[in-house]
Every structure is written in C-alpha cells, then in structure tokens.
Amino acid sequence: APSLPVLAERIGWDLDRLEAIHAYRSSTNSYYFSTLDEILEPFSAAGFELQWVSEPDYEMGSQCPVICFRRAAP
C-alpha cells in the first residue's frame with residue numbers, strides 16, 4: 001500500500017494499531033506470543049508450580065495473561 005492510512009482501510013484495521021507496529025519497523029526488538037504450555041515448561045523445570053492464570057477483560061487481554069508461580073517445596 002502506498003501509505004499506512006490506505007493499508008489500514010484495505011485490511012480493516014485501526015490506523016493506531018498499524019502505527020504502533022510501524023514504530024518498531026527498524027527496531028531490533030521482537031514480540032513473542034508464547035502459549036501457556038511454552039511458558040509453563042521452563043518454569044516447571046526450574047522448580048516452580050503454577051498457582052493461577054488471569055486474563056484481563058480488555059480487548060486482546062487473552063494475549064497478556066497474568067501468570068502466578070510459586071517455588072515448589074524442596
């Protein structure tokens with residue numbers, strides 16, 4: 001697309017979302033969207049037990065769960 005506003009219109013996204021993604025265009029940072037199982041494995045291997053998981057109510061809150069662990073008893 002010739003511009004972000006045109007792209008936003010073509011794909012039906014809010015321009016604000018595309019601008020947020022565009023801000024990282026030349027960044028060396030990366031986003032990772034891990035599954036719960038991918039998070040649990042290394043913590044379990046390191047001696048932690050899952051206590052609870054909470055997903056925020058806001059839009060896309062399921063992408064940002066709060067995960068609580070407790071160190072397992074020795």
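Up top you'll find the structure we're talking about.
The rules behind each value
Residues numbered from 1 in each chain as written. Predicted model: local features only at pLDDT ≥ 70, side-chain atom pairs only at ≥ 80, totals over all residues. Heavy atoms only, no water. 1 Å grid on protein atoms, 1.4 Å probe; cavity = no way out; pocket = protein on both sides within 12 Å on 5 of 7 lines; lining within 4 Å. Points joined across faces, edges and corners; volume = space filled by probe spheres on them. Nonpolar A, V, L, I, M, F, W, Y, C, P; charged D, E, K, R; others polar. Helix = DSSP H or I, 4+ residues; strand = E, 2+ residues; numbered from the N terminus. Salt bridge = Lys/Arg side-chain N within 4 Å of Asp/Glu carboxyl O. Buried < 20%, exposed > 50% of the residue type's maximum accessible area, 1.4 Å probe, protein only. Phe/Tyr/Trp six-rings, centres within 6.5 Å; stacked < 30°, edge-to-face > 60°.

Q: Is there a simple way to explain the layout of surface pockets in this structure?
A: Rolling a probe over the atoms, with the probe sized like a water molecule, indicates the empty space that remains. In this structure, the largest pocket encloses a volume near 390 Å³. If you go around the largest pocket, the residues you meet are W13, R17, A20, I21, Y24, Y31, F33, Y58, E59, M60, Q63 and C64. Residues belonging to the lining of the largest pocket are distributed by class as follows: nine nonpolar, one polar and two charged. Space inside the second largest pocket adds up to approximately 230 Å³. Around the second largest pocket sit Y32, F33, S34, T35, L36, I39, V53, E55, S62, Q63, P65 and I67, which together line it. Looking at side-chain class alone, the lining of the second largest pocket contains seven nonpolar, four polar and one charged residues.

Q: Even after reading the chapter, I still don't get the environment of A46, so can you show me in this structure?
A: Structurally, A46 can be placed in the loop between α3 (36-45) and β1 (48-54). Residues A46 and I21, spaced 25 residues apart in sequence, show a C-alpha to C-alpha distance of 34 Å.

Q: How should the pattern of salt bridges be read in this particular structure?
A: For side chains of opposite charge, pairing can occur when their charged atoms come near one another. Counted under the stated rule, the structure contains one salt bridge. Residues R17 and E59 are paired through a salt bridge, measuring 2.4 Å at the closest nitrogen-oxygen approach. Of this pair, R17 sits in helix α2 (residues 15-22) while E59 sits in the loop between β1 and β2 (66-71), and the two are 42 residues apart along the sequence. In this structure E59 comes out as exposed when scored by relative accessible area, which is 59%.

Q: Got a minute to help me understand unusual backbone geometry in this structure?
A: When glycine is set aside, most residues are seen to have a negative phi, and most peptide bonds are trans. In this structure, M60 is a non-glycine residue whose phi angle is positive, near 65°. On the secondary structure map, M60 appears in the loop between β1 and β2.

Q: It is not clear to me how the packing of aromatic side chains should be interpreted in this structure. Could you clarify?
A: A ring pair, where both rings are aromatic, is described by two values, the distance of the centres and the angle of the planes. All told, the structure shown has two aromatic pairs when counted by the stated rule. Centre to centre, the rings of F43 and F48 are 5.9 Å apart; their planes meet at 75°, and the pair counts as edge-to-face. Taking relative accessible area as the criterion, F43 reaches 35% and is therefore assigned partly exposed. Given the relative accessible area of 23%, F48 is considered partly exposed. Each ring, one from F43 and one from F69, has its centre 4.3 Å from the other, and the planes form 10°; the classification is stacked.

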